[in-house]
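The chain contents come next:
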Amino acid sequence: MGRIDEYRKKIQQVLTQYANYNAIPRDVDDQVIIDIDNDHYLLIRAGWYNNTRRSYGCLMHMDIINDKIWIQYDGTEAGIANELVELGVPKQDIVLAYHMPSKRKLTEFAVG
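None of the values given here were measured: they were computed from a predicted structure. (Residues numbered from 1 in each chain as written. Predicted model: local features only at pLDDT ≥ 70, side-chain atom pairs only at ≥ 80, totals over all residues. Heavy atoms only, no water.)

Of note in the backbone geometry, Asn 50 takes a positive phi value of approximately 50 degrees without being a glycine. Tracing the backbone through its elements, the reader meets Asn 50 in the loop between β2 (40–49) and β3 (53–65). Residue Asn 50 is classed as exposed on the basis of its relative accessible area, which comes to 69%. Positive phi, normally seen in glycine, also occurs at Asp 67, with a value near 65 degrees. Relative to the elements of secondary structure, Asp 67 occurs in the loop between β3 and β4 (68–74). (Helix = DSSP H or I, 4+ residues; strand = E, 2+ residues; numbered from the N terminus. Buried < 20%, exposed > 50% of the residue type's maximum accessible area, 1.4 Å probe, protein only.)

Let's shift gears to the nonpolar core. Note that soluble globular proteins tend to have their nonpolar side chains buried in a common cluster. In terms of nonpolar packing, the biggest core is built from 20 residues, with Met 62, Ile 69, Ile 71, Leu 84 and Ile 94 touching the most fellow members. Breaking this core down by element, the ones donating at least two residues are α1 (3–19), β2, β3, β4, α2 (80–86) and β5 (94–96). The biggest single contributor to this core is α1, with 6 residues. The residues contacting Ile 69, other than those within four sequence positions of it, are Tyr 7, Ile 11, Met 62, Asp 63, Ile 64, Leu 84, Val 89, Asp 93, Ile 94 and Val 95. (Core = buried A, V, L, I, M, F, W, Y, C linked by side-chain atoms within 4.5 Å. Contact = heavy atoms within 4.5 Å.)

What follows concerns the sheet that holds β4. The strand order β1-β2-β3-β4-β5 describes an open sheet built from 5 strands, whose pairing is mixed. At either end of the open sheet lies a strand with only one pairing partner, and these are β1 (27–35) and β5. For this sheet, the mean inter-axis angle between neighbouring strands, taken without regard to orientation, is 20 degrees. The pairing of β2 with β3 spans 10 bridges and is classified as antiparallel. (Pairing = 2+ DSSP bridges. Axes fitted to C-alpha atoms, helices over the stretch in contact; angles between N-to-C directions.)

Next comes the structure, spelled out in structure tokens:
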């Protein structure tokens, strides 16, 4: 299995882990959205709290671009990048795309 296929599996593993974690009972679904053809990966939350308040938003968004994992949005406390590193993804293959390009060089991850 190639490196990109491994990255796809690891991204899916992280997204699925978060989607299956339910901190409070609610009528809200966490949905893993995977577009392997274009290498887009998202975790979306959609539903209603107590049938009175709508909940909808992106919790995580990652892409694979030029053989690197680009974290477009990270709505976690722990940090997706750290979890990917724990799963064996080298820091030089992770781009924190939510940082301005000029600020990425200040991180320990790839600049792009």
